[in-house]
Amino acid sequence: MSSAFYQTLTTNYFPAMPPALDTNMRFKFSVVALLLEVIIIVLFGIFVEYREDNNPEILYPLFQDVHVMIFVGFGFLMTFLKKYGFSSVGISMLLAAFGLQWGTLMQGFWHMQEGKIHVNSNSMINSDFSTATALISFGAVLGKTSPLQMLILTILEITIFACNEHLVTEIFQATDVGASMTIHAFGAYFGLAVTLVLCRPGLKKKHENEESTYQSDISAMIGTLFLWLFWPSFNSATASGNFFYIKAIVNTYYSLAACTVVTFALSSLLDQRGKFSMVLIQNATLAGGVAVGTCADLSIHPFVAMCIGSIAGIISVLGFHFLTPLLASKLNIHDTCGVHNLHGLPGILGGIAGIVVTAINEENRRGNRLTPGMQAAALGSTMGVALVGGALTGGILKLPFLGQVSDQNCFDDSVFWEVPEEKKPHEVHSNNYDEHSRFEATM
């Protein structure tokens, strides 16, 4: 057989297959994870010391509430995909456990005293806050990344988040007690920038695994309820003083309630048969907590908080209904969990609300007068840093050795998890059949 004929045969009938993506994490993930943990332990040994809590009876219950939101709320909220429940809860736990340690260091380096990072209940709350940014971004790329990619994303995002938070709170002297801008908007647009860079044209048509089941939607609703119940604690945890603390709780409480009613109403209105959409109920009902965050402890009446929550519900529902498909088809931004509608748009609304409130009322925090200009600068810088940081991070995550899954294996736990095989239900025969079988056996 001539070489020319062989080349023609192999080219026409046996085309070269694309190189398989290496998703085996046995050594890559294990070595990187253990190495990072060793580095963190060494850094803790050098820099971290205890500090006494001023109000442990108040702060530790708040920390518990926030901790439940991070480990239970965010994780279960993402279990709506029918074959991605292990990763939604499991990888969320991994990122949270790693992120809170890294967040302690990254935030602590900006507030060192005598060369030491001091930890107490307040610093633990802030560490959980930093982890929330990575979990929000995880929602944007859910089902399309490897555990190793998410570990790298967590390192980079929390580092950039800590820098932006310092810029917003210390340089601009802006207020953001519930972190509408610094956590929610930042995490959402960071994640959207990552998913844009990691664009997968093969997922333009809906993947067969990118859908929910009755059971997976109920599981996700558990996450929604945990987040909904504990959101007042999230927005009030860093408030300065009992008066501001109570205002943050009350305003978040009523904002969430108004948002929920509006979401149910619009969900029915937008469906031709007047039925509720579980996707909207799982997500848009929480938008009120996001949007009221920036001004939760400012001088606003509860009815203003309810108006903010109602507007957030409207924006979130319309975003899921109209904007998400548009972003996917026109801009190649595939937002798996719809973080743009739950965290991004309501986070911007929260930033705008903070600008308006500080323009109308004279507000002071830590001896500084809050100005609308500084609030606007904080919102703008957060958006810019998130988009640029997310784009750069996405470029790093495209490195082939990080184990990115192929298009056909997206949204499937079995790529990285031991998944039990589904057992076929046993066939149940009628009593008449059993009696007939026994009768034949006796003949």
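Provided above is the structure to which this section pertains.
Counting starts from 1 at the beginning of each chain's written sequence and moves along it residue by residue. Owing to the predicted nature of the model, reporting of local features is limited to residues with pLDDT of at least 70; listing and counting of side-chain atom pairs is limited to 80 or more, with chain, interface and lining totals taken over all residues. The basis for every side-chain value is the complete set of heavy atoms in the structure, and neither hydrogens nor water enter the calculation.

**Focus on helix H13 (residues 339–360)**
Then comes step 1: Here a helix means four or more residues in a row that DSSP labels H or I, a strand means two or more in a row labelled E, and each is numbered from the N terminus. Expected span of a helix: the number of residues minus one, times 1.5 Å. Between its first and last C-alpha, H13 extends 30 Å over 22 residues, near the 32 Å set by a 1.5 Å rise per residue.
Then comes step 2: Burial within H13 is extensive, with 16 of its 22 residues counted as buried. Per-residue accessibility, obtained with a 1.4 Å probe over protein chains only, is compared with the maximum for each type, and a residue is labelled buried under 20%, exposed over 50%, and partly exposed between these values.

**Some thoughts on the nonpolar core**
Then comes step 1: We define a nonpolar core as any set of buried Ala, Val, Leu, Ile, Met, Phe, Trp, Tyr and Cys residues linked to one another through side-chain atoms lying within 4.5 Å. Core analysis: the largest hydrophobic core is formed by 89 residues, its most contacted members being Trp 102, Leu 105, Phe 138, Leu 142, Ile 183, Tyr 189 and Trp 231.
Then comes step 2: Broken down by element, the residue count for this core peaks at 10 residues, all from helix H6 (residues 147–171).
Then comes step 3: When sequence neighbours within four positions are dropped, the list of residues in contact with Trp 231 reads Met 69, His 184, Thr 252, Leu 256, Leu 286, Gly 289 and Val 290.
Then comes step 4: Ranked by size, the runner-up nonpolar core spans 14 residues in total, among them Ala 287, Ala 312, Ala 353 and Leu 370. For this analysis, residues touch if any pair of their heavy atoms sits within 4.5 Å.

**A look at the side chain of Ser 216**
Then comes step 1: Mapped onto the secondary structure, Ser 216 falls in helix H8 (residues 214–236).
Then comes step 2: Under the relative-accessibility criterion, Ser 216 is labelled buried at 7%.
Then comes step 3: Any pair of nitrogen or oxygen atoms within 3.5 Å is treated as a polar contact; in protein, a donor-acceptor pairing is required on top of that, and neighbouring residues in sequence qualify only through side-chain atoms on both sides. From its side chain, Ser 216 meets the backbone oxygen of Phe 80 in a polar contact 2.8 Å long.
Then comes step 4: With residues up to four places along the chain from it excluded, the contact list for Ser 216 reads Thr 79, Phe 80, Leu 81 and Lys 82.

**Some thoughts on the environment of Val 356**
Then comes step 1: Considering the arrangement of structural elements, one finds Val 356 in helix H13.
Then comes step 2: Along the backbone, Val 356 and Cys 295 are 61 residues apart, and their C-alpha atoms lie at a distance of 9.6 Å.

**Quick word on the environment of Asn 122**
Then comes step 1: Its location among the elements puts Asn 122 in helix H5 (residues 121–140).
Then comes step 2: Asn 122 gets classed as partly exposed once you look at its relative accessible area, which sits at 31%.
Then comes step 3: In sequence terms Asn 122 and Arg 51 are 71 residues apart; their C-alpha atoms lie 9.9 Å from each other.
Then comes step 4: Here Asn 122 is in contact with Asp 53 and Leu 59, once residues within four sequence places are set aside.

**Some details on a nonpolar patch on the surface**
Then comes step 1: Nonpolar side chains (Val, Leu, Ile, Met, Phe, Trp, Tyr) within 5 Å and like charges within 9 Å form the patches, drawn only from residues with over 30% relative accessible area and no salt bridge. Exposure was quantified through the Shrake-Rupley algorithm and a 1.4 Å probe, taking into account, for residues, occlusion by the shown protein chains and nothing else. A carboxyl oxygen of Asp or Glu within 4 Å of a side-chain nitrogen of Lys or Arg is what we treat as a salt bridge. Together, Tyr 253, Tyr 254, Phe 303 and Met 306 make up an exposed nonpolar region whose accessible area comes to about 420 Å².
Then comes step 2: Taken together, the elements giving at least two residues each to the nonpolar patch come down to helix H9 (242–270) and helix H12 (302–330).
Then comes step 3: By relative accessible area, Tyr 254 is classed as partly exposed at 35%.

**Focus: the packing of H9 against H12**
Each pair of packed helices gets described by two things: the angle between the helix axes and the distance between those axes.
Then comes step 1: Two elements in contact, H9 and H12, have axes whose closest approach is 7 Å; the angle formed by their N-to-C orientations is 35°. Here H9 and H12 pass one another in a crossing that is right-handed. Residues Val 250, Asn 251, Tyr 254, Ser 255, Ala 258, Cys 259, Val 262, Thr 263, Leu 266 and Leu 270 of H9 lie in contact with H12, whose contacting residues are Pro 302, Ala 305, Met 306, Ile 308, Gly 309, Ser 310, Gly 313, Ile 314, Val 317, Leu 318 and His 321.
Then comes step 2: Ten residues, namely Ala, Val, Leu, Ile, Met, Phe, Trp, Tyr, Cys and Pro, are considered nonpolar, four, namely Asp, Glu, Lys and Arg, are considered charged, and the remaining ones, Gly among them, are considered polar. Split by residue class, the contact of H9 with H12 holds 14 nonpolar, seven polar and no charged. Every angle, taken between N-to-C directions, lies between 0 and 180 degrees, and every axis is a line fitted to C-alpha atoms, over only the stretch in contact when it is a helix. By definition, turning the near helix anticlockwise from the far helix through less than a right angle yields a left-handed crossing, and turning it clockwise yields a right-handed one.

**Quick look at the pattern of salt bridges**
Pairing is possible between side chains of opposite charge, provided their charged atoms come close.
Then comes step 1: For the structure on display, the rule yields three salt bridges.
Then comes step 2: For Glu 211, the salt bridge identified is with Lys 82, shortest N-O distance 2.9 Å. Of this pair, Glu 211 sits in the loop between helix H7 (180–197) and H8 while Lys 82 is found in the loop between helix H3 (56–77) and helix H4 (85–108), placing the two residues 129 residues apart along the sequence.
Then comes step 3: When the shortest N-O distance is used, the salt bridge between Arg 200 and Asp 407 registers 2.5 Å. Highlighted residues: Arg 200 in the loop between H7 and H8 and Asp 407 in the loop between helix H14 (372–397) and helix H15 (431–442), separated in sequence by 207 residues.
Then comes step 4: Among the residues examined, Asp 407 registers a relative accessible area of 26% and is labelled partly exposed.

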